[in-house]
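Breakdown of the fold
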Amino acid sequence: MSNPLNFGARRTLAAALLAGALTTLGLAGCGGSDAAGGTPVPAAAPSASASTGLVVKDPWVKAAKAGTMTAAFAILVNDSATDITVVGAESPASPMELHEMTMQDGKMLMRPKQGGFVIKARSTHELGPGGDHLMLMKPAAAIDAGNEVTFTLKLADGGTVPFTAIAKPFAGAGESYDPGMSMPASGMPMAPMGSAAP
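Residues numbered from 1 in each chain as written. Predicted model: local features only at pLDDT ≥ 70, side-chain atom pairs only at ≥ 80, totals over all residues. Heavy atoms only, no water.

Section: the environment of Pro 92
Its place among the elements puts Pro 92 in the loop between strand 3 (84–90) and strand 4 (96–104). Along the primary structure Pro 92 and Phe 151 are separated by 59 residues, whereas in three dimensions their C-alpha atoms are 7.6 Å apart. (Helix = DSSP H or I, 4+ residues; strand = E, 2+ residues; numbered from the N terminus.)

Here's the deal with the packing of aromatic side chains
Under the counting rule described, the total for this entry stands at 3 aromatic pairs. A ring pair is formed by Trp 60 and Phe 73, whose centres lie 4.7 Å apart and whose planes are at 45°; its orientation type is tilted. You can see Trp 60 sitting in strand 1 (residues 54–62) and its partner Phe 73 sitting in strand 2 (residues 70–78), a full 13 residues away along the chain. The interplanar angle of 15° and the centroid separation of 5.2 Å between the aromatic rings of Phe 151 and Phe 163 together place this pair among those described as stacked. One end of the pair, Phe 151, is in strand 9 (residues 148–155); the other, Phe 163, is in strand 10 (residues 160–168), with 12 residues separating them in the sequence. Members of the aromatic cluster, joined through ring pairs, are Trp 60, Phe 73 and Phe 170. (Phe/Tyr/Trp six-rings, centres within 6.5 Å; stacked < 30°, edge-to-face > 60°.)

With respect to the pattern of salt bridges
Counting across every chain of the model gives 4 salt bridges. The partner of Lys 120 in a salt bridge is Asp 83, and the shortest N-O contact between them spans 3.5 Å. Residue Lys 120 is found in the loop between strand 6 (117–119) and strand 7 (123–127), and its partner Asp 83 is found in the loop between strand 2 and strand 3; the two are separated by 37 residues along the sequence. Overall, Asp 83 belongs to the partly exposed group, its relative accessible area being 41%. (Salt bridge = Lys/Arg side-chain N within 4 Å of Asp/Glu carboxyl O. Buried < 20%, exposed > 50% of the residue type's maximum accessible area, 1.4 Å probe, protein only.)

Observations concerning unusual backbone geometry
Phi is positive for Asp 105, which is not a glycine, with a value near 55°. With respect to the element layout, Asp 105 can be found in the loop between strand 4 and strand 5 (107–112). Phi at Arg 122 takes a positive value of approximately 55°, unusual for a residue other than glycine. Considering the arrangement of structural elements, one finds Arg 122 in the loop between strand 6 and strand 7. The class of Arg 122 is exposed, set by a relative accessible area of 59%.

Side note on the pairing of strand 4
Within strand 4, 7 of the 9 residues are buried, which leaves it mostly tucked inside the rest of the structure. In the sheet, strand 4 pairs with strand 8 (residues 133–136) via 4 bridges, with the strands oriented antiparallel. Following the sheet pairing, Met 96 is matched in strand 8 by Leu 136. Two strands pair when backbone bridges link them, and strand 4 and strand 5 are joined in this way by 6 bridges, in the antiparallel orientation. (Pairing = 2+ DSSP bridges.)

Here it is as structure tokens:
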């Protein structure tokens, strides 16, 4: 009779040990998942671009001498369900303006983009030679091919989107970023441009 009792006692003891081990493992697992769950939160915290839904793809800058106007280009991708408006840009390399190309009196003219760049919901907006672009008005230092230039886009809702662009040599579109500009009534520069074709 002692044998069945011993077997029962052993079985109860084994079950208790197994339950204790599982509880300990379960608690350790919860602790690990809490720690793991807590760690990605800061890492996955939305960057400026993620929180706004605006992504800057393939950014580049036209290489230029110090003090010579040049431009930055990219594809702006709006992954959000609402329109996003870029109202300004900043760079430590130069004062910045948002510019567009337009026809006036049969000539292509470059001028500040009134109201900024509107990127429609779930769509893209190209900043490119002969079109909308980010104008570096007077770079303090030369921007040589291969240099990296940092920028921050300013949005109408107060958000910002930082990005870095690579400088490339570019002679297409016959664009002149030299300061041979007339000053319209607005006081903003307007430059005659060459062919708008890339």
